Structure formats: structure tokens, C-alpha cells
Amino acid sequence: MPGFEYIGEAEHRQVLEVMASGVLMRYGFDGPRKGQWKCRELEENLATRFGVRRAHVCSSGTSALSTALAVCGVGAGDEVVLPPFTFVADLETVLLAGAVPVFADIDETLCLDPRSVAAAMTPRTKAVLVVHMCGAMARIDAIMELCRTHQVTLIEDAAQAAGATFHGKPLGTFGRVGCLSFDYVKTITCGEGGAVLTDDEETYRLAQAYTDHGHDHAGADRGADGHPHIGANFRLSELHAAVGVAQLARLDDILQVQRRHKAMLKDGLAGIRGLQFRELPDPAGDSATFLSLLLPSEHDARQAAKALAEAGVDGCFYWYDNNWHYHRKWDHIKTFTSPGRLAIDRFGYGSDLTKITLPQSDAVIGRTISMLIKLRWTEEHVRDRLARMKSVLA
Ligand SMILES: *Cc1c(COP(=O)(O)O)cnc(C)c1O
């Protein structure tokens, strides 16, 4: 998923425009900036590209998640249903909001299983935080329907799925708020950055205020703002936004290259006995940032992961043992001292998240190996990689 492979002339030019103006901050300095607003430009382009009424950029995907939770009114004691397979930021931001994380299982989509989400709902459920992992979609239609019937807020984490769609509609545009990340290893990057997407004006109004100490940004220059809300500093700089403007313009090319490389690998591996691909509720909408393979058993997956590394197939992830993306290794949360600690204690995990048992998720992730799809691969490299993969998997 790496836009960093394409940092080139366009990014260079964009950044130099900001340097030439000397105004590095997104707000105020109305005179000196001479009409140049890179954050605004990126927001307008994002709104157009994703087909939403409003996009608001912020400092990271993590701050986008915190903002989403805050503007949806998620706070102390509220329960948030989320998957155990995600980047740890989802758990962190729920805990930092003082809310209670409630894990529902994933299925072979590598995303939330709607049946498990339904089972996890209680009268205290405030939101479902669905994560579109590894470049593709959750069963977002079923999850949306569940949220509607239970009158629970749907928040989407599309940090790993920029450009992916479900039946033609971009991921990140199904919930009340969608979150994107532009960190250095995401599909498009600003170096660091993120965005919230929404169709709801009030949600947008709160989000843009929350990321800037509650400023309402209603006045000319900065002095005329009111700041009626509590907030934080999650602002993105003009330098970062400038890189984002160039990167967003590349998104369709990036998707095309990823899809071509992934299709070659998938075609080549099709039909190998016992080898399954991650289930895609809408294959046409896959952003193809990852290829995910499901082996028949945990034992097979562990052996294959090791053999792939030995065969020189780089960029593979065996998530089950990974301490960023799967709950089993989130033992650092044990030492956490924040409102979230209270939330975990109250929910009865002790304060040890590794004690959570999610056998269905374990059974999926234990069998899964994912591989990053790179943009700079040549066709020859893909063929060579495929041959090495077949020597291990066939
Ligand atoms: C990267 C990522 C985030 C956090 O984004 P940052 O910009 O790194 O803060 C959140 N969720 C998922 C699924 C991610 O992959």
C-alpha cells in the first residue's frame, strides 16, 4: 500500500509552492498566503474523489479516529464494537475516549462478522467501529443494516483501504464518519496525515473544530474565530497537505498498478490445493494493496510463512504473531494508565487484553498470511515472485 514508492516531481513542486509562500499553517495568515490553501485544496479534492459532501484533513489516521469518536459523542462507559484484527490505534483511541472496547469476531473477509457484531451489541453500545483491513471491504451492507436497526453509530476505519469500493461506493463513505490515514506506508501518503469524511454538515462542523481546539473557523484571519468546543491540536500542516494533493492525483494509477500485480499473482496461484484467498464481498472493489492467503491450518500457515521468507519472498505478514495488528500480542495495554484502564477493568478483562478469547478470529488469523503488493515491481519480478511462492505453496 505504499504511496512512498511514488514520491516524485509532483510532490516536490507542491511542497516548493508552500515554501515559496512561507505560510506553513493551514489557518490564518490570510494576507501573506496570497490565496494558497493546500489543506483546503486537499479537502476539496478528497470530497470530490470520495463522493462525500465534506472531507476534513488532520494530523494522522489515529487523530482522525479520535475525532470521529468525539464528534459521534462516544465517551466514558460507552461501548464500542470493534474487531481484534486491526491496527492498534483503533483500540487506543477507544480507550483514550474512556469508552469500553467490545471485540466482535472477524470472518474470512478478515473484517467484522456481522453475526458476531449483532451478538456483541448491548444497550450500552454507542458505536460500531468497522475496519476495512488490508485494502478491502468488510460486509459493510450487513453491518450498516445492523447499525440502523439498533440505532447505533457506524464509524469506518478505511486507513488501509483508500480507493477501495463496495458496489462502486468508496469505503469510508458508508458510516456517519469515515477515517483515512496518509502515514508513510499507506496507499497515498503525506508523510503523516489523515482525514475524516462525512455527508453530515453538523458532524463536519464539530470535526473541524475538534481538531483545532474547538475553533469554529467562522471568522476572517484567525482572530475572528470563536471556540465554543473542547478540542485538541490535530491540525495538518500545509507542507503535508501539499504532498497529499500530489499523491491523491496518483491514486487511480496506484490502484491500477496494484490490481495488475495482484491479478498476476492470484491467477498464478489459483487452483493450488488447500490454498484459499481472503473472501471479498465485492472483488471489483478491492484496492489490491495486499494479497491475503488462507492456509488449511495454523500449522500450515506457520510453516508457509517461514518457507516463504526462506525462499526470498519478502513483504509477508503472519499477523497472528504481530503485536501491532492482532489482540493476542497487545499485552502492553496491561500497563496502561488512563481513563481506558478503568474502562477495561470495568468490562471484566482484568486489565489484560490478551485474556480475551476469540476462537473464531484466532481460527482465521492463525491461517492467514498477507503480502504487500508493491508498485515498483517489474513484470519480471512478479513472475519470479510467483515462481518462488508456488515452490512453497503448491
Ligand atoms: C495506519 C492505520 C491507522 C492509523 O493511522 P496513522 O496515520 O498511522 O495514525 C488506523 N487504522 C488502521 C487500520 C491503520 O492501518
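Not measured: the values here are computed from a predicted model.

Parameters at a glance
- Residues numbered from 1 in each chain as written.
- Predicted model: local features only at pLDDT ≥ 70, side-chain atom pairs only at ≥ 80, totals over all residues.
- Heavy atoms only, no water.
- Core = buried A, V, L, I, M, F, W, Y, C linked by side-chain atoms within 4.5 Å.
- Buried < 20%, exposed > 50% of the residue type's maximum accessible area, 1.4 Å probe, protein only.
- Helix = DSSP H or I, 4+ residues; strand = E, 2+ residues; numbered from the N terminus.
- Contact = heavy atoms within 4.5 Å.
- Pairing = 2+ DSSP bridges.
- Axes fitted to C-alpha atoms, helices over the stretch in contact; angles between N-to-C directions.
- Arc of directions from axis to C-beta.
- Near = heavy atom within 4 Å.
- Polar contact = N/O pair within 3.5 Å; in protein donor to acceptor, adjacent residues only side chain to side chain.
- Areas by Shrake-Rupley, 256 points an atom, 1.4 Å probe, with all protein chains shown as cover.
- Nonpolar A, V, L, I, M, F, W, Y, C, P; charged D, E, K, R; others polar.

(A) Region of interest: the nonpolar core. L46, V128 and M389 are the most contacted members of the largest nonpolar core, which has 88 residues in total. Here this core takes 6 residues from helix 9 (residues 251–269), the largest share from any one element. Contact partners of L46, with chain neighbours within four places excluded, come to G51, A55, V57, L180, F182, A195 and L248. Ranked by size, the runner-up nonpolar core spans 29 residues in total, among them C58, L91, V94 and L129.

(B) Looking closely at the sheet that holds strand 12 (residues 316–317). With antiparallel pairing, 4 strands are arranged side by side in an open sheet as 10-11-13-12. Taken across any chain shown, the strands that pair with only one partner, and hence form the sheet edges, are strand 10 (276–277) and strand 12. With 2 bridges joining them, strand 12 and strand 13 (residues 368–372) adopt antiparallel strand pairing. Bridging from a neighbouring strand, F317 pairs with S370 of strand 13. Across the sheet, helix 10 (residues 298–310) lies against strand 12 and strand 13, angled at about 30° from strand 13, the strand it touches most.

(C) Representation of the environment of A207 in the model. Structurally, A207 is set in helix 7 (residues 201–210). Looking at A207, the relative accessible area reads 3%, which means it is buried. Residues A207 and A120, spaced 87 residues apart in sequence, show a C-alpha to C-alpha distance of 28 Å. The contacts of A207, once residues within four sequence positions are left out, are H56, T67, V71 and V196.

(D) Inspection of helix 6 (residues 140–150) at higher detail. Taken as a whole, helix 6 has its buried residues at I140, I143, L146 and C147. Taken around the axis of helix 6, the buried residues stretch over an arc of 125°, which confines them to a single face. Those residues of helix 6 that are exposed and angled more than 90 degrees off the buried face are R148 and T149. As for helix 6, its buried residues are in contact with helix 5 (114–120), strand 4 (125–131), strand 5 (153–157) and strand 6 (165–166).

(E) Representation of the site of the ligand. Taken together, 15 residues surround the ligand, and among them T62, D157, S181, D183 and K186 come closest. Contacts to the ligand include G61, whose backbone N or O atom sits 2.7 Å from an oxygen atom. A distance of 2.6 Å separates a nitrogen atom of the ligand from a polar atom in the side chain of D157. Contact with the protein chains covers 93% of the free accessible surface of the ligand, which is 380 Å². The dominant element in the shell around the ligand, judged by the number of residues it contributes, is helix 3 (residues 61–71), at 3 residues. For the shell around the ligand, the class distribution of residues is 4 nonpolar, 7 polar and 4 charged.

Any functional reading would require information beyond the geometric quantities listed.
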